[in-house]
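# Overview (structure and organization)
Listed here are the chains, written in short residue letters.
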Amino acid sequence: MRLVLLGAPGSGKGTQAARLKEHLQVPHISTGDLLRAEVAAGSKLGLEAKEVMARGELVSDAILLGMLEDRLSRPDTANGFILDGYPRNLAQADALDALLKRIGQPMEYAVQLEVPTELLVERIAGRAAAEGRADDNPESVRKRLEVYDSQTAPVIEFYRQHGQLTVVDGVGALDEVFHRLVEALSPTADVG
Ligand code: ADP
């Protein structure tokens, strides 16, 4: 199954993707994780991305597309993947669409995890205390939410227009949200 998870920072994409990966037996591809690995490795790309990420801004589309193309060419994606953190703007959505068509693996599902903003802020604050991510400081969080509203939210419309969007309520216990996701991905679910 080829699936993209959409949702604001703090919506729970990463957490749910880790569980869905076990359920669906396909790899979880998180562009945030891929970038953080580059930063940790101190690669050229990582050095370029580090400051941009810490500010809560978007790393360049060209870097992301190259990284993604590379990742999708690995054999473990033959039966599908869960994409998390990409596309984050309309240019990325178009590029991904073209890339997947070119490799004969068009997207099957786009699932939006819907969570109200107040709760997003609360969750990220909790995560900041627990994990100490460099971009979970208040200023960067504000910037990421702003970037999400202005650049990433239109991507939801993109998938709606392509008839691929399913919206799932992301409020509730982890298990509860997970079951909603599994249900939304079952063949009998409404896609609209
Ligand atoms: P979150 O969803 O909590 O914001 P991610 O781990 O998905 O966190 O992303 C962290 C940061 O990595 C983003 O704020 C951005 O700087 C960078 N990043 C991740 N994915 C992309 C992307 N598709 N395009 C541009 N930058 C990205």
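Residues numbered from 1 in each chain as written. Predicted model: local features only at pLDDT ≥ 70, side-chain atom pairs only at ≥ 80, totals over all residues. Heavy atoms only, no water.

The next subject is helix α4 (residues 61–72). In this model α4 runs 16 Å from its N-terminal to its C-terminal C-alpha over 12 residues, within 8% of the 16 Å that 1.5 Å per residue would give. Summarising the contacts, the buried residues of α4 are in contact with β2 (28–30), α2 (31–41), α3 (44–55), β3 (81–84) and α5 (90–102). (Helix = DSSP H or I, 4+ residues; strand = E, 2+ residues; numbered from the N terminus. Expected span 1.5 Å × (residues − 1). Contact = heavy atoms within 4.5 Å.)

One recurring pattern in soluble globular proteins: nonpolar side chains tend to sit buried together. Within the largest apolar cluster, 34 residues are counted, with the highest numbers of intra-cluster contacts made by L6, V59, L83, L96, M107 and Y159. Every element with two or more residues in this core is listed here: β1 (2–6), α3, α4, β3, α5, α6 (117–131) and α7 (138–161). In terms of residue count, α7 provides more of this core than any other element does, seven residues in total. Filtering out sequence-adjacent residues up to four positions away, L83 remains in contact with L3, V4, L5, I29, L68, L96 and M107. If you look at the next biggest cluster of nonpolar residues, it comprises 15 residues, including L3, Y109, L113 and L181. (Core = buried A, V, L, I, M, F, W, Y, C linked by side-chain atoms within 4.5 Å. Buried < 20%, exposed > 50% of the residue type's maximum accessible area, 1.4 Å probe, protein only.)

Turning next to the UniProt feature "binding site: ATP" (unreviewed entry) in the chain. According to UniProt, the feature "binding site: ATP" (unreviewed entry) maps to G10, S11, G12, K13, G14, T15, R127 and G172 in the numbering used here. Of the annotated residues named above, the ones that line the largest pocket are G10, S11, G12, K13, G14, T15, R127 and G172. On the secondary structure map, G10 appears in the loop between β1 and α1 (13–24). Owing to a relative accessible area of 13%, G10 belongs among the buried residues under this scheme. With residues up to four places along the chain from it excluded, the contact list for G10 reads L120, R123 and I124. For G14, a relative accessible area of 33% puts it in the partly exposed group. (UniProt positions renumbered as here; feature names shortened; annotations may be inferred. 1 Å grid on protein atoms, 1.4 Å probe; cavity = no way out; pocket = protein on both sides within 12 Å on 5 of 7 lines; lining within 4 Å.)

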